[in-house]
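For reference, the chains in residue letters:
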Amino acid sequence: MNTITAHIEGTKSKGFAIYANAFDSVIATDGKTVAEAQANFREAIETTALSYEETGDNDIAQALREAEVEYIYDVSALFSLFKDINASQFIKRTSISNETLRQWRAGQKVPKHRLQEVESAIHQLAEELRAVRLR
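Positions within a chain are numbered from 1, following the residues in the order the chain's sequence is written. pLDDT decides what is reported in this predicted model: residues at 70 or higher carry local features, side-chain atom pairs at 80 or more are listed and counted, and totals for whole chains, interfaces and linings draw on all residues regardless. Processing note: side-chain calculations cover all non-hydrogen atoms of the structure and skip hydrogens and water entirely.

## Some points on the packing of aromatic side chains
Then, in step 1: Classification of ring pairs uses Phe, Tyr and Trp, with its six-membered ring standing for Trp, and accepts pairs whose centres are within 6.5 Å; under 30 degrees between planes counts as stacked, over 60 as edge-to-face, and the remaining range as tilted. Tallied over the entire structure, the rule returns 4 aromatic pairs.
Then, in step 2: Ring centres of tyrosine 71 and tyrosine 73 lie 6.5 Å apart, and the angle between their planes is 45°; this geometry places the pair in the tilted category.
Then, in step 3: Aromatic side chains tyrosine 73 and phenylalanine 82 sit 6.4 Å apart centroid to centroid with 65° between the ring planes, which places their arrangement in the edge-to-face category.
Then, in step 4: What links up through ring pairs into an aromatic cluster is the set Phe41, Tyr71, Tyr73 and Phe82.

## Here we look at the nonpolar core
Then, in step 1: One finds Ile4, Ile27, Phe41, Ile45 and Leu64 to be the most contacted residues of the largest nonpolar core, which totals 20 residues.
Then, in step 2: Where helices and strands are cited, they refer to DSSP runs of H or I of at least four residues and of E of at least two residues respectively, numbered from the N terminus. Of all the secondary-structure elements, those providing two or more residues to this core are strand 1 (3-10), strand 2 (16-22), helix 1 (34-54) and helix 2 (58-66).
Then, in step 3: No other element matches helix 1, which puts 7 residues into this core.
Then, in step 4: When checking whether two residues touch, look at their non-hydrogen atoms; a contact exists if any pair is within 4.5 Å. If we skip the residues at most four places from it in the chain, isoleucine 45 touches Ile4, Ile27, Leu64 and Val69. Here, nonpolar core means buried Ala, Val, Leu, Ile, Met, Phe, Trp, Tyr and Cys residues that are tied together by side-chain atoms lying within 4.5 Å of each other. Partly exposed residues are those whose accessible area sits between 20% and 50% of the maximum for their type, while under 20% is buried and over 50% is exposed, using a 1.4 Å probe and protein chains only.

## A look at helix 1
Then, in step 1: Between the first and last C-alpha of helix 1 there are 30 Å, a value that for 21 residues agrees with the 30 Å anticipated at 1.5 Å per step.
Then, in step 2: Those residues of helix 1 not exposed but buried are Val34, Ala37, Gln38, Phe41, Ala44, Ile45, Thr48, Ala49 and Tyr52. One face of helix 1 carries all of its buried residues, which in axial projection span an arc of 140°. For helix 1, the exposed residues lying more than 90 degrees away from the buried face are Glu43 and Glu54.
Then, in step 3: Looking at the buried positions of helix 1, the neighbouring elements they touch are strand 1, strand 2, strand 3 (25-31), helix 2, strand 4 (68-73) and helix 3 (75-81).
Then, in step 4: In the segment just after helix 1, glycine 56 is the residue with positive phi, at about 90°. Given a helix with a known number of residues, its expected span is that number minus one, times 1.5 Å. Here the arc refers to the set of directions running from the helix axis out to each C-beta atom.

Below, the structure is given as structure tokens:
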């Protein structure tokens, strides 16, 4: 099965954009929320598949429809999607300041090593939550 790697980013208009390269096509859309942008992205994939069908590329159209979408989030999109993660509290798991986090959420580019630090902290939190047992 094919995978489409889609990038989700916050926009200056307080919405979210999603874009990906798939089968020599650029698929892009946006929405007011991450969920809306994801739904619009699925529609954009279908529109692209229909375009391929119109030109006789039925194999590519089918591959697009069957592809899994892997989303890669920017910091703004991440905390907007997972509202139950308190960004100010979460960031304490890293060496990143709240001021830097605010800048990122406002759309400032995040250095790669900082992204890795945030991603590592997210995965650590996931492991801790996975180990929780309730009674």
